[in-house]
Amino acid sequence: MKEESSAQIELEMAVLSRRIASVARSKREENLVRAAYLLLFQISTHGPAGVKGLAEELQLDISTVSRQAASLDQKGYIKKIPYPKDKRSYLYEITDAGQREMIEYQKIRREKVDQLLFDWTDDEREQFGRLLKKFNESVKVYWSGEE
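Residues numbered from 1 in each chain as written. Predicted model: local features only at pLDDT ≥ 70, side-chain atom pairs only at ≥ 80, totals over all residues. Heavy atoms only, no water.

(A) Focus on the overall build of the chain. Helix and strand counts for the chain come out as 6 helices and 2 strands. The linear arrangement of helices and strands in the chain, starting from the amino end, is α-α-α-α-β-β-α-α. Referenced to the eigenvectors of the C-alpha coordinate spread, the extents of the chain come out at roughly 55 × 35 × 30 Å. Sorting the 147 residues of the chain into buried and exposed places 21% on the buried side. Contacts spanning at least 24 positions in sequence make up 49% of the contacts within the chain whose residues lie at least 6 apart. Total accessible area on the chain is roughly 11300 Å²; 53% of this is exposed by carbon and sulfur atoms. When the 25 basic and 25 acidic side-chain charges of the chain are each reduced to a single mean position, those positions are 6 Å apart. (Helix = DSSP H or I, 4+ residues; strand = E, 2+ residues; numbered from the N terminus. Buried < 20%, exposed > 50% of the residue type's maximum accessible area, 1.4 Å probe, protein only. Contact = heavy atoms within 4.5 Å. Areas by Shrake-Rupley, 256 points an atom, 1.4 Å probe, with all protein chains shown as cover. Lys, Arg positive; Asp, Glu negative; His and termini not counted. Charge placed at Lys NZ, Arg CZ, Asp CG, Glu CD.)

(B) Broad picture of a nonpolar patch on the surface. Side chains of Met 1, Ile 9, Met 13, Leu 16, Ile 20, Trp 120, Phe 128, Leu 132 and Phe 135 sit close together on the surface and give an oily, nonpolar patch of about 850 Å² of accessible area. Put simply, the parts of the chain that give the nonpolar patch at least two residues each are helix 1 (3-26) and helix 6 (122-144). The element contributing the most residues to the nonpolar patch is helix 1, with 4 residues. Within the fold, Phe 135 resides in helix 6. The partly exposed category is assigned to Phe 135, whose relative accessible area is 35%. (Patch = residues over 30% accessible without salt bridge, like charges linked within 9 Å, V, L, I, M, F, W, Y side chains within 5 Å. Salt bridge = Lys/Arg side-chain N within 4 Å of Asp/Glu carboxyl O.)

(C) Spotlight on the confidence of the model for the chain. The predicted model of the chain averages 87 in pLDDT, with 91% of residues at 70 or higher. Per-element mean pLDDT across the chain ranges from 80 in helix 1 up to 94 in strand 1 (residues 78-83). (pLDDT = per-residue confidence, 0-100.)

(D) Up close: helix 3 (residues 51-58). Burial in helix 3 covers these residues: Val 51, Leu 54 and Ala 55. Looking down the long axis of helix 3, one finds its buried residues gathered within 100° of arc, a one-sided arrangement. Across from the buried face of helix 3, at angles greater than 90 degrees, the exposed residues are Lys 52 and Glu 56. Elements that come into contact with the buried residues of helix 3 comprise helix 2 (34-46), helix 4 (62-75) and strand 2 (86-94). With its phi angle positive at about 55°, Gln 59 sits one or two positions after the end of helix 3. (Arc of directions from axis to C-beta.)

(E) Representation of the side chain of Thr 95 within the structure. Checked against the element boundaries, Thr 95 lands in the loop between strand 2 and helix 5 (96-116). Under the relative-accessibility criterion, Thr 95 is labelled buried at 16%. Here the side chain of Thr 95 touches Gly 76 through a polar contact of 2.5 Å, landing on its backbone oxygen. (Polar contact = N/O pair within 3.5 Å; in protein donor to acceptor, adjacent residues only side chain to side chain.)

(F) Here's a closer look at the pairing of strand 1. Inspection of the sheet shows strand 1 paired to strand 2 by 6 bridges, in the antiparallel sense. Residue pairing across strands places Lys 80 opposite Tyr 92, the latter belonging to strand 2. Between strand 1 and strand 2, which pair antiparallel one after the other, the connecting turn spans 2 residues. (Pairing = 2+ DSSP bridges.)

(G) Structural detail: the packing of helix 2 against helix 5. Axis separation between helix 2 and helix 5 bottoms out at 10 Å; the angle between their running directions is 120°. Comparing their axes, helix 5 and helix 2 come out oblique. Taken as a pair, helix 2 and helix 5 cross one another with a handedness that is left-handed. Touching Arg 34, Tyr 37, Leu 40, Phe 41 and Ser 44 of helix 2 are Gly 98, Gln 99, Met 102, Tyr 105, Gln 106 and Arg 109, all from helix 5. When grouped by side-chain class, the residues that make up the contact of helix 2 with helix 5 number 5 nonpolar, 4 polar and 2 charged. (Axes fitted to C-alpha atoms, helices over the stretch in contact; angles between N-to-C directions. Parallel < 35°, antiparallel > 145°, perpendicular 65-115°, else oblique. Left-handed = near helix turned anticlockwise from the far one by under 90°. Nonpolar A, V, L, I, M, F, W, Y, C, P; charged D, E, K, R; others polar.)

Structure follows, in structure tokens:
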């Protein structure tokens, strides 16, 4: 990779991270924080899951997932169900209220993305989506040591 490309990507990622953190701090009124949204999405998409599995998939500490899951459980967005192979353990399953909240949160986030990309062509949006997904997969592989 050319050094200029690497430098530009590094700088733009730093700027993006800072802007996202800044927006997140100013929008505390939202019901779901990013980590909670990702937990709900993972459970909704892949079915019931335990804390350890969620932590591995989302590359978060088990303690972080446990706190987020407890918060989502208190709000009624997920519920504990017995783990079929070991009745002492449990999995989290999304509730109807959790599904509704996640869909509403997605709608708000997608509207924000649409506002940000209002003057982009459909091709630019599709290319950006593909490249961002590829980048996220590279990050996942790098940080999980699956190389």
